[in-house]
Amino acid sequence: MTPRTRGAIEALKFSGKVWVFGNDLNTDAMYPAFAMKMDPPEAAKHVFYEIRPGWTDEVSPGDIVVAGRNFGVGSSRPVAALFNELGVAGLVAEEFNSLFFRNAVNAGLPAMTLPEATALFTEGDTGTFDLADGTWRNQTTGKSGSVPRLPDLILDIIAEGGVMPRLAAQGYLPAELGEILRSSTVAMRGAGSGA
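To start, this report covers the structure provided alongside it. Not measured: the values here are computed from a predicted model.

Some details on the overall build of the protein chain
Check the secondary structure of the protein chain and you find 11 helices and seven strands. Burial statistics for the protein chain: of 195 residues in total, 46% are counted as buried. When the accessible surface of the protein chain is summed, it comes to about 8900 Å², and 53% of that surface belongs to carbon and sulfur atoms.

This is the structure:
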């Protein structure tokens, strides 16, 4: 395990208002085709356009997306980078599509698998999640629990802001690119969107 700084440990904790979505959310519906050639700040305004039009006008930085099973199923559109662009603090789902989960990790977006998440949280509740120890708490209802902790390598990538910043920190990429590598544009292109 890599020793983590205080800032890195804090990067693994997220707390905020939750937005609850259902099962089988496809990345094609989360990130519509017409938005794929837009710059990330503009494209982010269209997240969930087909599922919940206007959601991006309501979500605030620090909010959390909670979803059911098969979250992120479908193509590998780089939605995680758009969630970062919107300031979403983290994702919690009953089950993630594995490619979507890894895209979230690569973009430095905290993600926790929590069985029955949509039964444990109601839209508007305040949730607190800690990836470092696998704990969660619904601050509104008082319910709490834990899930299996993610592997250290995954936690380290998230704590360092994603895979590209981690590679820069390890000397595999120029260190002076550190902040640039945290941008949603780099995360989207790294995910292969063609955007």
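Back to the text.
A word on the pairing of strand S6 (residues 135–138)
Side chains Trp 136 and Asn 138 of S6 all project onto a buried face; the interleaved residues Thr 135 and Arg 137 project onto a face where none is buried. Two elements, strand S5 (residues 126–130) and S6, share four bridges in a ladder whose sense is antiparallel. Across the sheet, residue Phe 129 finds its bridge partner in S6, namely Trp 136. Connecting the antiparallel pair S5 and S6 is a turn made up of four residues, with Gly 134 showing a positive phi of about 75°.

Topic: helix H5 (residues 79–86)
Among the eight residues in H5, six count as buried, and that is most of the element. Among the residues of H5, those classed as buried are Val 79, Ala 80, Ala 81, Leu 82, Phe 83 and Leu 86. Looking one or two residues beyond H5, the residue adopting positive phi is Gly 87, at roughly 90°.

Remarks on the side chain of Asp 63
The residue Asp 63 is located in the loop between helix H4 (55–58) and strand S2 (64–67) in this model. Buried Asp 63, no salt bridge; nearest opposite-charge side chain is Lys 17, N-O distance 5.1 Å. Among the polar contacts listed, one links the side chain of Asp 63 to the backbone nitrogen of Ser 60, at a separation of 2.9 Å.

Topic: the nonpolar core
Ranked by internal contacts, the top residues of the largest apolar core, which has 54 residues, are Phe 48, Trp 55, Phe 71, Phe 83 and Leu 91. Setting aside anything within four residues of it in sequence, one finds Leu 91 in contact with Phe 14, Val 65, Phe 71, Phe 83, Phe 96, Phe 100, Ala 104, Leu 109, Pro 110, Ala 111 and Met 112.

Topic: the pattern of salt bridges
Evaluated as defined, the whole model comprises six salt bridges. Between Asp 152 and Arg 149 there is a salt bridge, with the nearest N and O atoms lying 2.9 Å from each other. Relative accessible area serves as the criterion here: at 37%, Arg 149 is assigned to the partly exposed category.

Quick notes on unusual backbone geometry
Although it is not a glycine, Asn 70 adopts a positive phi angle of roughly 60°. Of note, Asn 70 is situated in the loop between S2 and H5. Classification of Asn 70 by relative accessible area gives partly exposed; the value is 28%. Even without being a glycine, Glu 116 presents a positive backbone phi close to 65°.

Cut-off values and rules
- Residues numbered from 1 in each chain as written.
- Predicted model: local features only at pLDDT ≥ 70, side-chain atom pairs only at ≥ 80, totals over all residues.
- Heavy atoms only, no water.
- Helix = DSSP H or I, 4+ residues; strand = E, 2+ residues; numbered from the N terminus.
- Buried < 20%, exposed > 50% of the residue type's maximum accessible area, 1.4 Å probe, protein only.
- Areas by Shrake-Rupley, 256 points an atom, 1.4 Å probe, with all protein chains shown as cover.
- Pairing = 2+ DSSP bridges.
- Lys, Arg positive; Asp, Glu negative; His and termini not counted.
- Salt bridge = Lys/Arg side-chain N within 4 Å of Asp/Glu carboxyl O.
- Polar contact = N/O pair within 3.5 Å; in protein donor to acceptor, adjacent residues only side chain to side chain.
- Core = buried A, V, L, I, M, F, W, Y, C linked by side-chain atoms within 4.5 Å.
- Contact = heavy atoms within 4.5 Å.

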